[in-house]
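# Examination of the molecular architecture
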Amino acid sequence: MKKINFYSGPAILPEEVLEQSQMAIRDFAGTGLSILEISHRSKEFIKVMEEARALVKELLQLKEDREVLFLQGGGSSQFYMVPLNLLGDGETASYFDTGQWAHGAMEEAKNFGKVQIACSSRDQNYDHIPKNYSINPEAKYLHITSNNTVFGTQFHWWPEAKCPVVADMSSDIFSRQLDFNRFDLIYAGAQKNMGPAGATLVVVNKNLLGKVNRKMPKMADYRVHIDKDSMHNTPSVFAVYVCWLTLKWIKQQGLKTIEEKNMRKAKNLYDAIDASSLFEGSVARDDRSLMNVCFRIDKNLSNAATVEEKFLQYANEQGMVGIKGYRTVGGFRASIYNAMPESGVQALVEVMKEFERSAV
Ligand SMILES: *Cc1c(COP(=O)(O)O)cnc(C)c1O
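An account of the accompanying structure is given in this report.

Basis of the calculations
- Residues numbered from 1 in each chain as written.
- Predicted model: local features only at pLDDT ≥ 70, side-chain atom pairs only at ≥ 80, totals over all residues.
- Heavy atoms only, no water.
- Pairing = 2+ DSSP bridges.
- Helix = DSSP H or I, 4+ residues; strand = E, 2+ residues; numbered from the N terminus.
- Axes fitted to C-alpha atoms, helices over the stretch in contact; angles between N-to-C directions.
- Buried < 20%, exposed > 50% of the residue type's maximum accessible area, 1.4 Å probe, protein only.
- Contact = heavy atoms within 4.5 Å.
- Phe/Tyr/Trp six-rings, centres within 6.5 Å; stacked < 30°, edge-to-face > 60°.
- Core = buried A, V, L, I, M, F, W, Y, C linked by side-chain atoms within 4.5 Å.

### Observations regarding the sheet that holds strand β11 (residues 279-281)
Through backbone hydrogen bonds, the strands of a sheet pair up, either in parallel or in antiparallel fashion. Ordered in space as β11-β12-β14, the three strands form an open sheet in which the pairing is antiparallel. One side of each edge strand has no neighbouring strand; the edge strands of this open sheet are β11 and β14 (332-335). Strand after strand, the sheet turns through a mean of 35 degrees between neighbouring axes, direction not considered. Bridge count between β11 and strand β12 (residues 292-297): three bridges; the pairing is antiparallel. Its bridge partner being in β12, E280 is matched across the sheet by R296.

### Topic: the environment of G322
On the secondary structure map, G322 appears in the loop between β13 (320-321) and β14. Judged by its relative accessible area of 16%, G322 falls in the buried class. Sequence separation of G322 and T234 is 88 residues, and the distance between their C-alpha atoms is 32 Å. For G322, the residues in contact, after removing those within four places along its chain, are F6, Y7 and R333.

### Looking at unusual backbone geometry
For the bond from G9 to P10, the omega torsion is -5 degrees, close enough to zero to count as cis. Looking at the element boundaries, P10 is found in the loop between β1 (4-5) and α1 (15-26). You will see that Q61, though not glycine, has its phi angle at about 50 degrees, which is positive. Tracing the backbone shows Q61 in the loop between α2 (43-59) and β2 (66-71). Phi is positive for F174, close to 65 degrees, though the residue is something other than glycine. As for its placement among the helices and strands, F174 is situated in the loop between β8 (165-168) and β9 (185-189). Residue F174 is classed as buried on the basis of its relative accessible area, which comes to 0%.

### Comments concerning the packing of aromatic side chains
With the rule as written, the count across this model stands at 20 aromatic pairs. Ring centres of F79 and W101 lie 6.4 Å apart, and the angle between their planes is 50 degrees; this geometry places the pair in the tilted category. A residue pair is termed long-range when its members are at least 10 positions apart, and F79 in helix α3 (residues 74-86) and W101 in helix α4 (residues 100-109) qualify at 22 residues. According to the relative accessible area criterion, F79 is buried, its value standing at 8%. Judged by centre distance (5.7 Å) and plane angle (70 degrees), the rings of F279 and F295 are edge-to-face. Of this pair, F279 sits in strand β11 while F295 is found in strand β12, placing the two residues 16 residues apart along the sequence. Taken together, the ring pairs in this structure connect F96, Y133, F155, W157, W158 and F183 into an aromatic cluster.

### Examining the nonpolar core
With 56 residues, the main nonpolar core has V56, F70, I144, F174, L201 and Y241 as its most contacted residues. The contact partners of Y241, leaving out residues within four places of it in the chain, are Q20, S21, A24, F28, I35 and V48. Counting residues in hydrophobic clusters, the runner-up holds 31 residues, among them V293, F311, M320 and V349.

### A look at the side chain of K192
Positionally, K192 belongs in the loop between β9 and β10 (200-205). Aside from chain neighbours lying at most four places away, what touches K192 is S8, G9, A11, T149, S170, S171 and Y337.

Given below as structure tokens:
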């Protein structure tokens, strides 16, 4: 039986993307070769890479000075590449400390310069995004994480910053319409909402580069990758290929339709949580994520832990996987990225209702 995949990442991909990928593993673009064995310098793959980059530019409606790269190393490598390229010795960067990944990014920046915490919800286990913040006036950049994958909070507003803004959009890129040019650097590991693990999207305002005075390894220098059209070394051929398929799938629908669908899915699930007397949401309402819906068994229930186990097992028996909350958070997390159909969310809502009927 095909499972309904609520994992946070690697995560669900569109059915047709999986089918096309499967065919390309046998015969890629009529070359008689597998996508897994073809040269990254072949004209067929160069076309994929170029189209994927162009699609990103088109879908995000990026200005001319924005460069689109497909790199490796995941979101985590961007935690150090950003400060390495943008933050000189002794200079300051501001960070919104709104979740585990945001915190990780901030810690890495300390290797290169000074870090100022503009705000933090760490002592409340990141159950909200602070509305009060103060950005160091000297900051070279502000770093935010647009969607906090682990805790299920998401920015639905943007901080006022005089400096360039860097956004980790690993778990909500292409999920909604935005003015993407308000960010000077955007990065996203592919495996949440764009493709398989192994490719990392970077969108960077090239005017920001070349201002820090330090030696850096070529592989970590954005300018090298820009000069070489993301082909300085062997890219993740297969991962980029699957991203390209997914980007075409996104374009067919348009970001507006995708966003509307994502809003309906999230509303359906949050409404069910709010209407339930067994389940409750675990983050501030204003900050609820449309991508990662975190909830738990009502904390006031004396046997909450046992009921939680039972629900996980019950959901699993109904073919739903990946809804266990992150280990430091507990409870449940249903990741409902672009590729999750509305019927998948509806199935989860029904399972929750059915469980509640039998449990109380
Ligand atoms: C998953 C995730 C990361 C880490 O990504 P890797 O590709 O595993 O390095 C970073 N930031 C956010 C917001 C994430 O969701």
